[in-house]
Amino acid sequence: MNKSTLALAVAVGVLAQQAGAAGFIEDSKASVSSRTYYFDADNREGAKTPANRQREAAEGLKFDFQSGYTPGTVGFGFDAQALVGIHLDGGKGHHPDNNSFSPSDSDGSATDEWSRLAGNVKARISKTEAHLGGALQPNMPILIANDSRVLPQTFEGGTITSKEIDNVTFNVGQMEHATGRASSNSTGLAVAGGTQESNQFRYAGADWKVTKDLLLQYYYANLEDYYKQNFLGLVHVYPIASNQSFKTDLRYFDSSSDGKNGDPGYRFNNNNGYAKNPGEVDNQTWSATFTYSLGGSAFLLGHQRISDDGGFVFLNQGNVVDGNGRNEGAGGASFYSFTDATVGSFIRAGENTSYGQYSYDFASLGVPGLKASAAYLYGQDIKATNGVGKDLNERETDLRVDYVIQTGALKGFGTTLRHGMYRGNTSTLDQDQTRLIFNYTYAFK
């Protein structure tokens, strides 16, 4: 039993003695969510094998329970989460083995179902909260839990969030394991290309709301034996009129090698691109995004620059395998960039990416709940894998429509349709990808 599991068991035992305390039950919340997902990825080149033409459908069910806090100077509570994935369609002929949509059986076909159960104990004193357990879903510039498939990615570790200082939120924590969006089992942590587990991802940072319109951010993160990373962010919204604004979003990442990074097992594949020192982390990335909003319309333009010595790095346990040499669907991770698009990532060494998006909220036309957007990304100056020769390029067009029913028995039922078209001359194959998603959450009262 590891330290986090032991601490969780002890804490649950203490809470069991106080479960009847006022606040613990009265302030609790519970909900059940359903997500039905159709996924179609068509590589435009090569034979129509499962690896080149994936078509699958699955159902995800998620039960969440969040207790209140026991009374007293220090309040205690408990959160629980149960997840079940059910494969609906897309047998061996349409399921790539070891992909991140659903786990695979021994013959390479999709499993019928997968599930997991996890919980967090929590404590609160004044305006500071601590969480310890295996159902953490962080959302910070240096770590974002991925929720782009049937079930969400979850992390095991401990976090502390403090708001003792007005307008400032401090975050510190350590993550030790992660469970992928298409997996029942947790693995250690790594980066793309790494096969050895690191069980120490530590971070600290703060969000400072300088004014109601200006947010400043700083975070430091360290994945032991892989990388160290500093992040600076600025978000400012300039209100022009009641229905008109101009938003500025500036981001800067500075990442470098740590410990065994570069040694066998601890190598970073630099997003299948060039690296000055192969296997090592060495990157600076900045981006500037500007959004002009007028009524229901929003016009976004931005640019991102990846330094020449290596690609952008982020936490990703997808290359860590179990004792049988399988990743069990552990792949799939998110990172804090607009270029984390439907198909491509646009984060190779040397890459300059310009992007734009137009979105419209049809509530302005009397149709609340309906939104649509179209985005285009173009990355160029990508350094060739050997560092010499012609620079590479890639481009992607993304379309999206969302609708959430606003009234009646199905209030809150949401539908999302996404379509991405990726083309380029990099190692990533040209691909058309379509996702159709139905979401519904019922909150118990």
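Here is what the cut-offs are and how they apply
Residues numbered from 1 in each chain as written. Predicted model: local features only at pLDDT ≥ 70, side-chain atom pairs only at ≥ 80, totals over all residues. Heavy atoms only, no water. Helix = DSSP H or I, 4+ residues; strand = E, 2+ residues; numbered from the N terminus. Rg over C-alpha atoms; globule rule 2.2 N^0.38 Å. Buried < 20%, exposed > 50% of the residue type's maximum accessible area, 1.4 Å probe, protein only. Areas by Shrake-Rupley, 256 points an atom, 1.4 Å probe, with all protein chains shown as cover. Lys, Arg positive; Asp, Glu negative; His and termini not counted. Charge placed at Lys NZ, Arg CZ, Asp CG, Glu CD. 1 Å grid on protein atoms, 1.4 Å probe; cavity = no way out; pocket = protein on both sides within 12 Å on 5 of 7 lines; lining within 4 Å. Points joined across faces, edges and corners; volume = space filled by probe spheres on them. Pairing = 2+ DSSP bridges. Polar contact = N/O pair within 3.5 Å; in protein donor to acceptor, adjacent residues only side chain to side chain. Core = buried A, V, L, I, M, F, W, Y, C linked by side-chain atoms within 4.5 Å. Contact = heavy atoms within 4.5 Å. Phe/Tyr/Trp six-rings, centres within 6.5 Å; stacked < 30°, edge-to-face > 60°.

1. A closer look at the overall build of the protein chain
Of the regular secondary structure elements, the protein chain holds one helix and 21 strands. A compact globule built from 445 residues should have a C-alpha radius of gyration of about 22 Å, and the protein chain, at 22 Å, falls within 12% of that. When the backbone C-alpha atoms are referred to their principal axes, the protein chain occupies close to 70 × 60 × 45 Å. For the protein chain, with 445 residues in total, the buried portion stands at 47%. On the protein chain, roughly 20,400 Å² of surface is accessible, and the fraction owed to carbon and sulfur atoms is 55%. Distance from the positive charge centre (38 side chains) to the negative charge centre (47 side chains) of the protein chain: 4 Å.

2. With respect to the layout of surface pockets
Empty space within the second largest pocket amounts to approximately 650 Å³. If you go around the second largest pocket, you meet 24 residues; those closest to its centre are Asn120, His131, Leu136, Gln137 and Thr159. Broken down by secondary-structure element, the contributors of at least two residues to the lining of the second largest pocket are β2 (53-66), β3 (74-89), β4 (113-125), β5 (128-136), β6 (139-140), β8 (154-162) and β9 (168-179). Sorting elements by how many residues they give to the lining of the second largest pocket places β5 first, with four residues.

3. Some remarks on the pairing of strand β17 (residues 352-361)
Side chains on a regular strand alternate between the two faces of the sheet. Pairing of strand β16 (residues 297-306) with β17 involves nine bridges; the strand directions are antiparallel. Counted as the bridge partner of Leu300 is Gln357 from β17.

4. Focus: the side chain of Ser307
Here Ser307 is to be found in the loop between β16 and β17. Given the relative accessible area of 13%, Ser307 is considered buried. At 3.5 Å, the side chain of Ser307 forms a polar contact with the side chain of Asn283.

5. Looking at the nonpolar core
Ranked by internal contacts, the top residues of the largest apolar core, which has 33 residues, are Ile142, Phe155, Phe201 and Tyr227. When contributions to this core are tallied by element, the ones reaching two or more residues are β9, β11 (201-211), β12 (214-223) and β13 (227-241). A total of three residues in this core trace back to one element, the largest contributor, which is β12. Discounting residues that sit within four places of it in the chain, Phe155 has contacts with Gly133, Gly134, Ala135, Leu136, Pro138, Leu143, Ala145, Met175, His177, Ala178, Leu189 and Leu315. Ala41, Trp114, Val150 and Leu151 belong to the second largest nonpolar core, which has ten residues in total.

6. What about the packing of aromatic side chains?
Tallying each qualifying case throughout the model produces 19 aromatic pairs. With a centroid separation of 5.0 Å and 45° between ring planes, the pair formed by Phe299 and Tyr358 is classed as tilted. Here the residue Phe299 occupies a position in strand β16, and Tyr358 occupies one in strand β17, the gap between them amounting to 59 residues. Ring centres 5.2 Å apart and planes at 90° place the aromatic pair Tyr442 and Phe444 in the edge-to-face group. Given the relative accessible area of 43%, Tyr442 is considered partly exposed. A network of ring pairs unites the aromatic residues Phe231, Phe253, Phe312, Phe314, Phe335 and Tyr336 as a single cluster.

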